[in-house]
Amino acid sequence: EKGGWSSFMAKEISEEPEAVAKTLLGRAVDGAVHLDDLDPIRERLLTVNRIIIIACGTAAYAGILGKYAIEQWSRLPVEVELAHEFRYRDPVLDDHTLVVSISQSGETMDTLMAVKYAREQGAQVLSICNTQGATIPRESDAVIYTHAGPEVAVASTKAFVAQGTALFLLGLHLATLRGTLSSEAIADLVDDLKAIPEKIERVLETGDRIKTLAGWMADTRSVLFLGRHVGYPIALEGALKLKELAYIHAEGFAAGELKHGPIALIEPGQIVFVIVPSPRDPRSLHPKVVSNIQEIRARGARVIAIAEEGDAAVLPFADEVLHIPLASPLFEPLLAVVPLHIFGMELAAAKGLDVDQPRNLAKSVTVE
Ligand code: F6R
């Protein structure tokens, strides 16, 4: 079943390009987005004035990515909330609220309870799910299925890139509906999204280098991850993978938060991964993150930067630079996450751990 791979996780990471491509299939055609999946809520979508994304773990990090894209393109306000917090805090919902749940398995009890609650309160529920006919899609008003294929390894990898892709499609659909992006802008984004699978293939080719890095770090006790804007959920995802797979204390931060406390953790030898925003990003976050790298290097930390190809500014300061191909800045996280998935897996393997079945975890969490 593993088809010659050392683990299901290795196989599933190798399927990340396909997970994106299959999720786009038939939905991104001729420079436009076609989401027939939304037919059951087509009328109601026109009156939506707010979106709340609910999910747990890795799916919630995909949700943050979706928030940034959907808000930028459609100008609808989007919140992301952990499903288990949402359900129990008496959230304000009405029939103009669209709740978007994200779940690979479609069976996560925390997310299911939140979906049921949202519908009881009169919200529309759209679910993004990887498992046909699972409980969450059955309890929802509409479903966008991700087509990542079955995910067996406990740690979610290919489902994450597929969830990001589905959220990008939703954002482009809403922008089309609301007229907040020109059709030329949408066509450019659709073309760029369709080029992502081939770019992920190129990132996968750097796997051996990441394996070597992970091999050197098998004794590491703590790893920090910094990212900004759409790099922020990628930092959270990188940290979660190290915790669950390699049992290493890891934390992801928004890079801007560094000076508000976490910089006190930086000491000689501390390993810090930094997801560097594109130098082409219109928000000019690139120089800010490069100066974060200088600050942590000055305190003796070891920096591993994930940066766009041709980004020369990070080279003098980082100990290692892992390059990713150029893409629209909002889509780059689908590339930047790949080395972190490989890193988590390889570090666990270097420690002799079971990559597919980490201790204390189950593939789907069917209890609250
Ligand atoms: C992390 C991981 C978990 C799941 C979370 C939600 O690698 O796998 O954090 O993402 O339990 O699971 P689903 O998507 O099935 O609802």
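Residues numbered from 1 in each chain as written. Predicted model: local features only at pLDDT ≥ 70, side-chain atom pairs only at ≥ 80, totals over all residues. Heavy atoms only, no water.

Further remarks concern the overall build of the chain. A tally of regular secondary structure across the chain gives 14 helices and twelve strands. Taken over C-alpha atoms, the radius of gyration comes to 20 Å for the chain, in line with the 21 Å a tight globule of 368 residues would show. Projecting the C-alpha coordinates of the chain onto the three principal axes gives extents of approximately 55 × 45 × 40 Å. The proportion of buried residues among the 368 residues of the chain is 57%. (Helix = DSSP H or I, 4+ residues; strand = E, 2+ residues; numbered from the N terminus. Rg over C-alpha atoms; globule rule 2.2 N^0.38 Å. Buried < 20%, exposed > 50% of the residue type's maximum accessible area, 1.4 Å probe, protein only.)

This brings us to the sheet that holds strand S8 (residues 222-227). Across a sheet, strands are paired by hydrogen bonds formed along the backbone, either parallel or antiparallel in direction. Strand order in the open sheet formed by five strands is S9-S8-S10-S11-S12, with parallel pairing between adjacent strands. Where the open sheet ends on each side, the last strands, each with one partner, are strand S9 (249-254) and strand S12 (320-324). Direction aside, neighbouring strands of the sheet carry axes that sit 15° apart on average. Sheet topology places strand S10 (residues 271-275) next to strand S11 (residues 302-308); five bridges connect them, and they run parallel. Paired with Val 274 across the strands is Ala 305, a residue of S11. (Pairing = 2+ DSSP bridges. Axes fitted to C-alpha atoms, helices over the stretch in contact; angles between N-to-C directions.)

Let us look at the environment of Ala 142. Within the fold, Ala 142 resides in strand S7 (residues 142-145). Owing to a relative accessible area of 3%, Ala 142 belongs among the buried residues under this scheme. Residues Ala 142 and Ser 127, spaced 15 residues apart in sequence, show a C-alpha to C-alpha distance of 6.4 Å.

Moving on: the sheet that holds strand S3 (residues 50-55). Ordered by their spatial adjacency, five strands build an open sheet running S4-S3-S5-S6-S7, and the pairing between neighbours is parallel. Pairing within the sheet leaves two strands with one partner each, and these edge strands are strand S4 (78-82) and S7. Strand-to-strand twist in this sheet, taken as the mean axis angle between neighbours without regard to direction, amounts to 20°. Set on the sheet, helix H4 (residues 57-74) makes contact with S3, S4 and strand S5 (97-103); between it and S4 the angle comes to about 175°. On top of the sheet, helix H8 (residues 158-178) reaches S3, S5, strand S6 (124-129) and S7; it is set at about 160° to S5, its chief contact. (Contact = heavy atoms within 4.5 Å.)

Within the chain, Asp 30 stands out as a residue other than glycine whose phi angle is a positive 50°. On the secondary structure map, Asp 30 appears in the loop between strand S1 (28-29) and strand S2 (32-33). Asp 30 gets classed as exposed once you look at its relative accessible area, which sits at 76%. Although it is not a glycine, Asp 90 sits at a positive phi angle of roughly 60°. As for its placement among the helices and strands, Asp 90 is situated in the loop between helix H5 (83-86) and S5.

With five of six residues buried, S3 lies mostly within the body of the structure. Bridge analysis of S3 against S5 gives five bridges, and the strand direction is parallel. When the sheet's bridge partners are listed, Arg 50 is paired in S5 with Thr 97. In terms of strand pairing, S3 meets S4 through five bridges, oriented parallel. Following the sheet pairing, Ile 54 is matched in S4 by Glu 81. Read as a crossover between parallel neighbours, the route from S3 over H4 to S4 is right-handed. (Right-handed = clockwise from strand over helix to strand, strands pointing away.)

Attention now moves to helix H13 (residues 286-298). Across its 13 residues, H13 extends 18 Å between first and last C-alpha, which sits within 8% of the 18 Å expected from 1.5 Å per residue. Of the positions making up H13, those classed as buried are His 286, Val 289, Val 290, Asn 292, Ile 293 and Ile 296. Viewed end-on, H13 has its buried residues packed into an arc of 150°, placing them on one side of the element. Along H13, the residues that are exposed and aim more than 90 degrees away from the buried face are Pro 287 and Ala 298. Positive phi appears at Gly 300, one or two residues downstream of H13, with a value of about 90°. (Expected span 1.5 Å × (residues − 1). Arc of directions from axis to C-beta.)

A word on the site of the ligand. The ligand sits among 14 residues. The nearest are Ser 103, Gln 104, Ser 105, Thr 108 and Glu 244. At a separation of 2.7 Å, an oxygen atom of the ligand approaches a polar side-chain atom of Ser 105. At 2.8 Å, a side-chain N or O of Lys 241 approaches an oxygen atom of the ligand. Here the ligand loses 89% of its free accessible area of 410 Å² to cover by the protein chains. Secondary structure elements with two or more residues in the shell around the ligand: H4 and helix H12 (231-246). (Near = heavy atom within 4 Å. Polar contact = N/O pair within 3.5 Å; in protein donor to acceptor, adjacent residues only side chain to side chain. Areas by Shrake-Rupley, 256 points an atom, 1.4 Å probe, with all protein chains shown as cover.)

This part takes up the packing of aromatic side chains. According to the stated counting rule, one finds six aromatic pairs in the structure shown. Plain terms: the ring middles of Phe 86 and Tyr 117 are 6.2 Å apart, the flat faces sit at 85° to each other, and that makes the pair edge-to-face. Note that Phe 86 is positioned in helix H5 and Tyr 117 in helix H6 (residues 109-120), a separation of 31 residues in sequence. In this structure, Arg 87 packs its charged tip against the face of Tyr 88, placed 4.9 Å from the ring centre. It is Arg 359 that lies over the ring of Tyr 247; its NZ or CZ is 3.8 Å from the centre. (Phe/Tyr/Trp six-rings, centres within 6.5 Å; stacked < 30°, edge-to-face > 60°. Lys NZ or Arg CZ within 6 Å of the ring centre and 35° of its normal.)

This paragraph deals with the pattern of salt bridges. Going through the model one piece at a time under the given rule, you end up with 20 salt bridges. A salt bridge links Lys 22 to Glu 18, with the shortest nitrogen-to-oxygen separation between them at 3.1 Å. With Lys 22 and Glu 18 both in helix H2 (residues 16-24) and four residues apart, the pair spans about one turn of that helix. One salt bridge connects Asp 37 with Arg 27, and the closest N-O pair in it is separated by 2.9 Å. (Salt bridge = Lys/Arg side-chain N within 4 Å of Asp/Glu carboxyl O.)

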